[in-house]
Amino acid sequence: MSLVLLGLGLVLVIEGLVFALAPSRLDDLVAAMAALNRDQRRMLGLAALALGAALVWLSQL
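Residues numbered from 1 in each chain as written. Predicted model: local features only at pLDDT ≥ 70, side-chain atom pairs only at ≥ 80, totals over all residues. Heavy atoms only, no water.

Things to note about the overall build of the protein chain
Turning to step 1, where the next piece is worked out: A count of helical and extended segments in the protein chain gives three helices and zero strands.
Turning to step 2, where the next piece is worked out: Starting at the N terminus, the α and β elements of the protein chain follow one another as α-α-α.
Turning to step 3, where the next piece is worked out: Whereas a compact globule of 61 residues would reach a radius of gyration of roughly 10 Å, the protein chain reaches 14 Å, over 25% beyond that.
Turning to step 4, where the next piece is worked out: Dimensions of the protein chain, computed from the C-alpha atoms along their principal axes, are close to 40 × 30 × 15 Å.
Turning to step 5, where the next piece is worked out: Within the protein chain, buried positions represent 2% of all 61 residues.
Turning to step 6, where the next piece is worked out: Summed over its atoms, the accessible surface of the protein chain is roughly 5,400 Å², and 74% of this surface lies on carbon and sulfur atoms.
Turning to step 7, where the next piece is worked out: Side-chain charges in the protein chain split into 4 positive and 4 negative, and the spacing between the mean points of these groups amounts to 8 Å. (Helix = DSSP H or I, 4+ residues; strand = E, 2+ residues; numbered from the N terminus. Rg over C-alpha atoms; globule rule 2.2 N^0.38 Å. Buried < 20%, exposed > 50% of the residue type's maximum accessible area, 1.4 Å probe, protein only. Areas by Shrake-Rupley, 256 points an atom, 1.4 Å probe, with all protein chains shown as cover. Lys, Arg positive; Asp, Glu negative; His and termini not counted. Charge placed at Lys NZ, Arg CZ, Asp CG, Glu CD.)

So, in structure tokens, the structure goes:
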């Protein structure tokens, strides 16, 4: 359970930094994501999921 809380906390810290330090860049990113079609967004999400799972696995070695 503590690993889940750690992961959630780190996500919130990183997202908070993006909102605090570069809000205009976030608008550009949202516009770029909206320009992608559904399959491209799905593949991007799956790639992010795989990378995150690999990082969690590596952190446990």
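Picking up where we left off.
Thoughts on the pattern of salt bridges
Turning to step 1, where the next piece is worked out: Going through the model one piece at a time under the given rule, you end up with one salt bridge.
Turning to step 2, where the next piece is worked out: A salt bridge links Asp39 to Arg42, with the shortest nitrogen-to-oxygen separation between them at 3.3 Å. Of this pair, Asp39 and Arg42 are both found in helix α3 (residues 38-59), three residues apart, which corresponds to roughly one turn of the helix.
Turning to step 3, where the next piece is worked out: According to the relative accessible area criterion, Asp39 is exposed, its value standing at 51%.
Turning to step 4, where the next piece is worked out: Given the relative accessible area of 47%, Arg42 is considered partly exposed. (Salt bridge = Lys/Arg side-chain N within 4 Å of Asp/Glu carboxyl O.)

Here's the deal with the environment of Leu3
Turning to step 1, where the next piece is worked out: Assignment of secondary structure puts Leu3 in helix α1 (residues 2-21).
Turning to step 2, where the next piece is worked out: For Leu3, a relative accessible area of 40% puts it in the partly exposed group.
Turning to step 3, where the next piece is worked out: Taking C-alpha positions, Leu3 is 9.2 Å from Val56, a pair spaced 53 residues apart along the chain.
Turning to step 4, where the next piece is worked out: With sequence-adjacent residues up to four places away left out, Leu3 is seen in contact with Val56 and Gln60. (Contact = heavy atoms within 4.5 Å.)

Brief notes about the confidence of the model for the protein chain
Turning to step 1, where the next piece is worked out: Looking at the protein chain as a whole, the pLDDT averages 91, with 100% of positions reaching at least 70.
Turning to step 2, where the next piece is worked out: Taken element by element, the predicted model of the protein chain shows its lowest mean pLDDT in α1 (90) and its highest in α3 (93). (pLDDT = per-residue confidence, 0-100.)

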